[in-house]
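Topology and contacts: notes
Read off the chains here:
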Amino acid sequence: METDSAAHCHFLVLPEYVTYQLFSLMPKSDMRQMVRDLAAMTDRYIAMFTRLAQQHNLYIIGGSHPVARDGLLYNTAHLFTPTGRVYTQDKLHITPSERNESDIQPGDIIRVFDTPIARIAIQICYDIEFPEVSRLLTLAGAEIIFVPFYTDEKNAYYRVRYCAQARAVENFLYVVITGNVGNLRTKIGSFMNYSQAAVLTPSDYAFPERGLEGEADPNVEAVVISELALGALVQQRQIATVRPLHDRRPDLYTLETKARIEIIQVE
């Protein structure tokens, strides 16, 4: 937090299931019960990050954390603001392991958060692998998509990474990804993680050659700091070499959501 605050950053994003680290302190050996015990700590999780966001004057995407509602568990990302407000985005697409091992249920609301800095969206890990939602978010005004993820090996990591890069190119926006690194020992065994945080951009002459604004060393704890030119992003969507949003073919295909996308005015 101190690093981001000292660098005068506006946004900080942490990994999916960032609170899984608490598993190392739990005496139980049942994954489902451990996740429910973690969900019981939600109030403490929210209180801590609310305080940190205010203390450091940051918009913090606090990774994700299991949340219990009406007896069901959801994998939920939280957006904490410098004013002390808290907003949420549930994970929409649930992996087989999340369903089978943790009883996680899919959310059903898509949100864009209109902050004083930028219009942002949050797609948790697997969600970024579904291009329809990213396009709907873009058409609803998103300029940055934050992707907290949890991957245990390189194959899984690169699946998220390549999809995130594709979404940046397809939608002419920024995509920021970060995940857990290293191994975590618990009563039910070791949790392996692989990650390389990155700030991804569109691929055109006004952006870095590799569509990469910044990245960490592979599988090492690090802070990646980048400056995103939002004004240039809007301009380049109209005058770049290719214009994927402008050159769509609604006469051949359409994309629509079954429910209204919520535009949240963030204070």
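For the structure, see preceding data.
Residues numbered from 1 in each chain as written. Predicted model: local features only at pLDDT ≥ 70, side-chain atom pairs only at ≥ 80, totals over all residues. Heavy atoms only, no water.

1. Observations regarding the pattern of salt bridges
In this structure the tally under the stated criterion is 12 salt bridges. Notably, a salt bridge pairs arginine 111 with glutamate 262, separated by 2.8 Å at the nearest N-O pair. With arginine 111 in strand E6 (residues 111–114) and glutamate 262 in strand E14 (residues 262–265), this residue pair connects regions lying 151 residues apart in the sequence. Residue class for glutamate 262 comes out partly exposed when judged on its relative accessible area of 22%. Two residues, arginine 243 and aspartate 247, come together in a salt bridge whose shortest N-O distance is 3.7 Å. The exposure class of arginine 243 is partly exposed, given its relative accessible area of 26%. Taken together, the salt bridges that share partners define one network made up of Glu16, Lys91 and Glu98. (Salt bridge = Lys/Arg side-chain N within 4 Å of Asp/Glu carboxyl O. Helix = DSSP H or I, 4+ residues; strand = E, 2+ residues; numbered from the N terminus. Buried < 20%, exposed > 50% of the residue type's maximum accessible area, 1.4 Å probe, protein only.)

2. Some details on the state of the cysteines
Tallied over the full model, the rule gives zero disulfides. In this model cysteine 125 remains outside any disulfide bridge; the closest cysteine sulfur is found in cysteine 163, 10 Å from its own. Cysteine 125 gets classed as buried once you look at its relative accessible area, which sits at 7%. (Disulfide = S-S within 2.5 Å.)

3. Section: the side chain of serine 102
Counting through the fold element by element, serine 102 comes out in helix H4 (residues 96–102). Those residues in contact with serine 102, other than ones at most four positions away along the chain, are Tyr20, Met31, Arg32, Val35, Leu73 and Ser97. (Contact = heavy atoms within 4.5 Å.)

4. Considering the sheet that holds E6
Each strand in a sheet pairs with another by means of backbone hydrogen bonds, the pair being arranged parallel or else antiparallel. Read across the open sheet, the seven strands follow the order E13-E12-E9-E8-E7-E6-E14; overall the sheet is mixed. With one partner strand each, in any of the chains shown, strand E13 (212–215) and E14 form the two edges of the open sheet. Strand after strand, the sheet turns through a mean of 20° between neighbouring axes, direction not considered. Both strand E7 (residues 119–122) and strand E8 (residues 144–149) contribute to a ladder of three bridges, which runs parallel. Bridge assignment links isoleucine 122 to a residue of E8, and that residue is phenylalanine 146. (Pairing = 2+ DSSP bridges. Axes fitted to C-alpha atoms, helices over the stretch in contact; angles between N-to-C directions.)

5. Some words on the nonpolar core
The biggest cluster of nonpolar side chains holds 51 residues, and the ones touching the most others in it are Leu79, Val175 and Ile177. In this view, leucine 79 contacts Tyr59, Ile60, Ile61, Arg85, Val86, Tyr87, Phe113, Ile120, Ile122 and Val266; residues no more than four positions away in its chain are not counted. Met26, Val35, Leu38 and Ala39 belong to the second largest nonpolar core, which has 15 residues in total. (Core = buried A, V, L, I, M, F, W, Y, C linked by side-chain atoms within 4.5 Å.)

6. What about unusual backbone geometry?
Residue tyrosine 17 is not a glycine yet carries a positive backbone phi of 50°. Counting through the fold element by element, tyrosine 17 comes out in the loop between strand E1 (11–13) and helix H2 (31–39). Positive phi is not limited to glycine here, since aspartate 70 has a value of about 55°. For aspartate 70, the location among the structural elements is in the loop between strand E2 (59–69) and strand E3 (72–80). Residue aspartate 70 is classed as exposed on the basis of its relative accessible area of 83%.

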